[in-house]
Amino acid sequence: MMSSAGGENREAMPLLPVSASQKRPVKITEDKEYWEDDFDEDKVLFSDGKRRGTSLIFNDAFILILEYLQYFGLIASLAARWPWPADWLAFSRYEVLINIDIWEFVKLGSNVTYKNAHAYFTPSVSMSLNYWTICLAWAIVFFILLASYIVLYVILMYKKHPFMLVRVAHLQRVYIVIMQLICLPIGLAAAKLFHTADKNAVDIDNTMEAYSSDHWVMLAPSLLLAVMMYILFPIWLIAKTQKEILSKSSERHEAYLQLKETEYVQGLDVLYIISSFHLFSSFKRVGAHYRAVSHMLKLVILVIYAALFQQISIQALLLTIAFSILTIAYMIIRPFRIGMFNFVLCFNFFCLTANCLVGTMQTNFDSYTLRSPWFTPTYLLYIHIVINGVWLFSSVVFVSILVINHFCTNKCQPLWPTMSSSGMSKLNPDTRRYMRAILRARHILEKSLQIPPIFAPAHELARQIQIINAFCREAEYLQDPIHDTLWDLLDELIDAHSRIAPKSLFAESVKDSIRFTAAELMKMMPMFVRRLAQREYDFILMNPMKRRMLLKMYCLGVFLNGRTDKIKKSKLNAENINRIWGKENDVDDGYYEDMYPAPIQGPNYRPVSALTLGMSEDERDDEAYFKDIEEWTADHPTSRAGSRGYANQAFDEDGMSALWKDSDSMNFSNIMEGVPSLTESR
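Residues numbered from 1 in each chain as written. Predicted model: local features only at pLDDT ≥ 70, side-chain atom pairs only at ≥ 80, totals over all residues. Heavy atoms only, no water.

Q: How would you summarise helix H1 (residues 57-79) if you had to cite specific residues and measurements?
A: Taking 1.5 Å per residue as the helical rise, H1 with its 23 residues ought to reach 33 Å, and the 33 Å between its terminal C-alpha atoms agrees with that figure. Where burial is concerned, most of H1 is hidden: 20 out of the 23 residues are buried. (Helix = DSSP H or I, 4+ residues; strand = E, 2+ residues; numbered from the N terminus. Expected span 1.5 Å × (residues − 1). Buried < 20%, exposed > 50% of the residue type's maximum accessible area, 1.4 Å probe, protein only.)

This is the structure:
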């Protein structure tokens, strides 16, 4: 998903936009829309590579360099019989430690155990080390790895943790990397069991006859190990990778990888880690099975190493041919999505081919038949220094570029994932449009599932269902690679909507009721403000935070349970009220509850207002006295005007319709002046 160092066309596409001044990776943490229609596709929103990163740059770089060193160590152990110059072997003996080849390291470290001669066999009695001890140590290591994997897997399955699949995926990833690292070392140790010396004796133990019953006892576990590590394990990798590959098209494969990487980085899906996308997300479609194939190719190299121990000329020639074929194949296929890694891969095998080619030339001559001065020990030493010195220099440059691009955020662009192209994308516009729609819908889906159902945006889910459904039909007709992903997302949206819609306030079925409730709330707003002011006075000694929490809890309780309780009470009292007073009791079907339910009103009931609040019952029943008061209040309207110079209209009359007078709106900011906490908050 990036370009090579030489400025090749980038092998990816833009998904999300950033501002023009954005120069460093952005961590997605805000609830806002990133998918505008007019964004610049050359600008990229990079992933946060710390917590949920998908970058495999350093993982792949480490494996590339380590594989070269392991192959070189294998060649160095064979070159002791070709032989390479003594001075170069004195240095190369440390390379065999990369493969934990203690046997060869000890053998090359003494003039007693090794002589720099053509096709020289080292007597096993001269070695201070018993090779069967090394075999036993490798067997114990392999058994511990196998047993620990089985035990950990059973424990994870037994505990049934909510993130069990993710933990199992992490466990498998760790062991896959371990298998890649020990593949050549343990295979090299097993291959030495097949080496035979003069007089049909086993090379590592001259007292044992080659291919005798005792020898076969040692060879049988090695063959079983070869079947498990170099046949069954790669087949499992191929099957696991093939299950996640949806198309043979490189363009569709790239689109699918970018979508899953982006979903994982933004926390929308864990399919990337559960389905082990790390096995093939570093490679193009043509190289999706690179890891499994390279694992099998190591078996071919080990077979040449084990079977042709005595035929050194054929052995060196076959190794040269094998490495040259791999070099040409990788130059044609270029399996990595990052162009720089393709160059390093091809150059590694080119250097291995050059080392084997020099060995092939040496095996065809000895000190008596040598004709060319270029194959004398002095010139051979210089040739090896040049070949491996160039490789070392290129590797240092390669690692330096990776480190600089990874940690430099001012001028350098992060290597993974780029998700951009320099003016040309290999993905068609329809695929990009579908990917943006999927990301937007997944963000809305995740947010809807994280909040309480009553406040979940069911209307947004319904809209996304319509959009994704239309894209599903279109993608099916166009045979787009994202077609299956769209259908999966559509099923998830429908399932979430079916669970949220019956409880959500934003569902389409309750919008009329919400409007009606809002209108009724506006009518009772003055009374509500007065009650809040009284509540402030009643709870004046209470902690403000506790006061706010009590109000919120009370409102939620009334909102959730008030309507149900009121309908039950109304139905319970309606028959008796109608029988006594002869008028029907209206049942309110709105989503609200009166603060103070009205008392049962008789024929002579007079409502309690601001004027009658301090009167006794005898004064209220005196019609003449009350009529005089009403005439006086008509000439002198009640006013709460203070230093702020406003009249609280809620006290003018008892009827709510009088609040509105001749206007259709009211300045609620003035009404709210009566509530101290609300006044301070403004």
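Q: Quick one: what's the story with the nonpolar core, residue by residue and with numbers?
A: As a rule of thumb, nonpolar side chains are buried together in soluble globular proteins. Counting 101 residues, the largest nonpolar core has Trp 82, Trp 84, Met 229, Phe 323 and Phe 341 as the members making the most contacts within it. Top contributing element to this core by residue count: H1, with 13 residues. Ala 441, Ile 465, Leu 493 and Ala 496 belong to the second largest nonpolar core, which has 25 residues in total. (Core = buried A, V, L, I, M, F, W, Y, C linked by side-chain atoms within 4.5 Å.)

Q: Please give an account of a nonpolar patch on the surface that cites residues and values.
A: Taken together, the side chains of Leu 146, Ile 150, Tyr 153, Val 154, Met 157, Leu 224, Val 227, Met 228, Ile 231, Leu 232, Ile 235 and Met 296 make up a nonpolar region of the molecular surface, amounting to roughly 970 Å² of accessible area. Topologically, Leu 232 is positioned in helix H6 (residues 213-242). (Patch = residues over 30% accessible without salt bridge, like charges linked within 9 Å, V, L, I, M, F, W, Y side chains within 5 Å. Areas by Shrake-Rupley, 256 points an atom, 1.4 Å probe, with all protein chains shown as cover. Salt bridge = Lys/Arg side-chain N within 4 Å of Asp/Glu carboxyl O.)

Q: For unusual backbone geometry, give the residues involved together with the corresponding values.
A: The amide bond that connects Trp 82 to the next residue, Pro 83, takes the cis arrangement and shows omega of -10°. Take Pro 83: it is sitting in the loop between H1 and helix H2 (86-92). Positioned with a positive phi, Arg 334 is a non-glycine residue whose angle comes to about 50°. Relative to the helices and strands, Arg 334 resides in the loop between helix H10 (312-333) and helix H11 (339-363). A relative accessible area of 43% places Arg 334 in the partly exposed class.

Q: Which residues make up the pattern of salt bridges, and what are the values?
A: In total, this model carries 11 salt bridges according to the counting rule given. The salt bridge involving Glu 492 is made with Arg 442; its shortest N-O contact spans 3.1 Å. In this pair, Glu 492 is assigned in helix H15 (residues 483-500) and Arg 442 in helix H13 (residues 429-450), connecting sequence segments 50 residues apart. Where salt bridges share partners, they join Asp 101, Glu 104, Lys 107 and Lys 192 into one cluster.

Q: How would you sum up the packing of helix H7 (residues 250-265) against H13? Please name residues and give values.
A: In the contact formed by H7 and H13, the axes pass within 11 Å of each other and the chain directions differ by 20°. Here H13 runs roughly parallel to H7, going by the angle between their axes. In the crossing of H7 with H13, the sense of the turn from one axis to the other is right-handed. Taking contact as the criterion, the partners of Ala 255, Gln 258, Leu 259, Thr 262 and Glu 263 in H7 are, on H13, Thr 431, Met 435, Ile 438, Leu 439 and Arg 442. (Axes fitted to C-alpha atoms, helices over the stretch in contact; angles between N-to-C directions. Parallel < 35°, antiparallel > 145°, perpendicular 65-115°, else oblique. Left-handed = near helix turned anticlockwise from the far one by under 90°. Contact = heavy atoms within 4.5 Å.)

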